[in-house]
Amino acid sequence: MAQSLPLGVEFHARLTRANESTSIGMLQLIQKFTWRDGLFSLKSFVAAMLALFIAFRLNLSQPSWSITTVYVVSQPLAGMVLAKSMYRVLGTVIGALMSLVFVALFSNTPELFCLALAIWIGICTSVSVYLRDAPQAYGGVLAGYSAAIIGLPAALTPNLAFDFAVARCLEITLGIACGTLLHHVVFPRRAGDALRKALHATLPNMAHWAEDALHGQQAEAKGLADRQKIIASVVSLDALRVFGSLDTPAIRTIDDVIRQFEGKLLSLLAMLVSAYDRLALLHRHQPETARELQPLAERTAEHIAESANAATPQQSLEETGGETALLAEIEARLPPPEALRSDPSTFLPRSFLLRLRDVLALWHEAVWLRTHITAGIHPPQTAAAPSLRPYRDIVFAILVGAISLLTILAASALWIFTAWANGPTAVTYAGIICAIMGARDDPSAAAASFLKMSLVGALVGGIYLLVVLPPLSTFPALVIALAPFYLACGLFLSAAVPAVMPVIFVAGGLTSISNTMSYDFSEFLNNYLSYVVGIGIGGLALRLLRPLGTEWVVRRLTRGMLRDLGRAAGSAVPDSRTAFESLMFDRINALLMRLDPMIDTHRAVMQGSFASLRVGLNILALRRDRSELPPAAAATVDRALAALAEHFGRATRNRRAASPLPLLETARDSVLSLDVNSVFTRTAESLYGIETTLRQHPGFFGLEVSAQPTPSVEPVIA
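Below: a short report on this structure. (Residues numbered from 1 in each chain as written. Predicted model: local features only at pLDDT ≥ 70, side-chain atom pairs only at ≥ 80, totals over all residues. Heavy atoms only, no water.)

### Comments concerning the overall build of the protein chain
In step 1: A tally of regular secondary structure across the protein chain gives 29 helices and 0 strands.
In step 2: For the protein chain, the spread of C-alpha atoms along the principal axes amounts to about 90 × 70 × 55 Å.
In step 3: The 718 residues of the protein chain split such that 52% are buried.
In step 4: Nonlocal contacts in the protein chain, meaning residues at least 24 apart in sequence, comprise 79% of its contacts between residues at least 6 apart.
In step 5: Carbon and sulfur atoms make up 63% of the accessible area of the protein chain, which totals about 30800 Å².
In step 6: Side chains of the protein chain carry 58 positive and 55 negative charges; the gap between the two charge centres is 5 Å. (Helix = DSSP H or I, 4+ residues; strand = E, 2+ residues; numbered from the N terminus. Buried < 20%, exposed > 50% of the residue type's maximum accessible area, 1.4 Å probe, protein only. Contact = heavy atoms within 4.5 Å. Areas by Shrake-Rupley, 256 points an atom, 1.4 Å probe, with all protein chains shown as cover. Lys, Arg positive; Asp, Glu negative; His and termini not counted. Charge placed at Lys NZ, Arg CZ, Asp CG, Glu CD.)

### What about the packing of aromatic side chains?
In step 1: For the structure shown, the criterion picks out 13 aromatic pairs.
In step 2: Ring geometry for Phe396 versus Trp552: centroids 5.6 Å apart, planes at 55°, classification tilted. Of this pair, Phe396 sits in helix 18 (residues 394–418) while Trp552 sits in helix 24 (residues 550–570), and the two are 156 residues apart along the sequence.
In step 3: Assessed through its relative accessible area of 12%, Phe396 is described here as buried.
In step 4: For Trp552, a relative accessible area of 15% puts it in the buried group.
In step 5: Within the aromatic cluster, the residues linked to one another by ring pairs are Tyr71, Tyr464, Phe485 and Tyr486.
In step 6: Across the ring face of Tyr138, the terminal group of Lys84 is positioned such that the distance to the ring centre comes to 5.0 Å.
In step 7: A cation over a ring is seen here: Arg132 above Tyr391, with NZ or CZ 3.9 Å from the ring centre. (Phe/Tyr/Trp six-rings, centres within 6.5 Å; stacked < 30°, edge-to-face > 60°. Lys NZ or Arg CZ within 6 Å of the ring centre and 35° of its normal.)

### Observations regarding the layout of surface pockets
In step 1: Considered as a void within the structure, the second largest pocket measures approximately 880 Å³ in volume.
In step 2: Considering the residues around the second largest pocket, the lining is formed by 33 residues, among which Gln62, Thr425, Gly509, Ser512 and Asn527 are closest to the centre.
In step 3: When the residues that make up the lining of the second largest pocket are grouped by side-chain class, the tally is 15 nonpolar, 15 polar and 3 charged. (1 Å grid on protein atoms, 1.4 Å probe; cavity = no way out; pocket = protein on both sides within 12 Å on 5 of 7 lines; lining within 4 Å. Points joined across faces, edges and corners; volume = space filled by probe spheres on them. Nonpolar A, V, L, I, M, F, W, Y, C, P; charged D, E, K, R; others polar.)

### Some remarks on empty space enclosed by the protein
In step 1: Taken as a whole and assessed by the stated rule, the structure comprises 2 cavities of 30 Å³ or more.
In step 2: By volume, the largest cavity is sized at about 70 Å³.
In step 3: Along the walls of the largest cavity sit Arg36, Asp37, Leu39, Phe40, Lys43, Pro76, Arg189 and Ser494, which together make up its complete lining.
In step 4: The biggest single contributor to the lining of the largest cavity is helix 2 (residues 35–57), with 5 residues.
In step 5: For the lining of the largest cavity, the residue count by class is 3 nonpolar, 1 polar and 4 charged.

Below, the structure written as structure tokens:
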């Protein structure tokens, strides 16, 4: 039997192993640095020193803000720097104007001033969280905490408030201008180039995934993990397009073509996922039919892989003999519509074959658009670019904004009641923590990490302020002294190490480089204490008021999917297919990032999310075809849609409603009783697909578990 270690020895052993692991991780990170990381760090440092020099020449009161701002806006791609810079300037100006308004109205009543500031920061935080990762979200964050950075000190000296606001705006704008100039002009890494590479790689990557999936070479967990990677790459294209249009004029000229391509990719991805799921169901419940159709799936995958790298529009339009034969065989193997009335089991193979046909058509169009993008030309006679729609969570945004408001009030109360000279700094950092951490899955843990790294920043700032800076008397000497710290920070910033920003913030704030330096240790200690108190109040507020973690976020995402399905079924004007697909894939991408396909419960949620996409597309198909049905059949379809809308609406609120399955079955039987034509057949397939998909995932859709189908008939049609 193994002998247990004493508690102190065991703790020391664990600590040693943790330190060794951290050291190994840090060493591996350093070894991965490339010349691009070094160039990024050098450009950021030169921009920071240029901003510092100009701030000195203008005799601004806190030039250190210019340095920090350079590192805040510095991003690997020039377009990202431009986007962040524009909205930082806008947010700073708005925050400065609001701070002046608050000072003018409430400078003599600090309680009302703090209340107005708290409400403003809460509103700005809500706007930022609501917009999520859109570039405009950054403006919301800055408008909020810039009002605190400028307004709180200005409120103490109202007669100098305007001068103070102008100085802060100049310092921040100076940092933005220098950072943007260096990253955009000196050896820029353009987002447009990154977008071109991503666009060129997307179809081959999708073809590789489709080849593995349609050959049946993927385990369920690996298939879900691979889907997540493909979805993430497709969803991220739109952000790259926005950044690329800022730094690459050629991208702006074909922006609408890229948006068309993105819409086509979303539809293609939905079809590939649908075909993959149907093939899996065929293997599970109709293995003999699956074996007969497997060669068609493999030939489809091979054709996709062969045509993924077409270089010109002419090449993309060439139809090979193999493709013609493949399409002909798919048509020949399609079960006739009449068979659906006598044998429901034919729904599944028919749906699979239709999805293969749709995949080939969409793939052909996607390759054609991609070749035009590569050539930088507009294709002839194309439809208008679709409007993509990311998901938004207004309730979550209001919650985080309310937490920010209450946190500012708590920090302000501490300042007012204690009359602490550094209280405004604590209030500012409490607001900053809530604004930048509130939307995280575990915001209190992120705030705790920020607090830990602030200690590193304090140590660096203390060494510089008390040891390095006092003997210096020239600007070149100052640049040489600052180089080791900021060049190292630039390297880690280039590697997207989030822990480096707290170090830059705190070290820059505590050294407070200016023309009139103060090297007082007690002042340094008191300043750092205000940082700790502010960060601590923000972290504590997030811990107490938002203790919900990743599981809560997952529940909100799944409920959002059900809400989207209810809206699709019940709204007077349904979304376009592309808008719905982009909304659902954005939610699915956010969901998959938080789940592990190796865990059974997580895997069930992942499968349910893809099932919700299929249900939604079937609902949209019903809404499209309903107007062509006879009145009696249309009425049964309307009742089924109303039942779906009510069910999904109640499921969103964790309430039980009458099952929509009987009405779906009644509507399907009503449509199947009509004469055979393409519209009636499509409607029956859509109804059958919704019904069986709900049965396949009863827990996800809020149905009784007994609603699952018998193994003999379990198709999922989309």
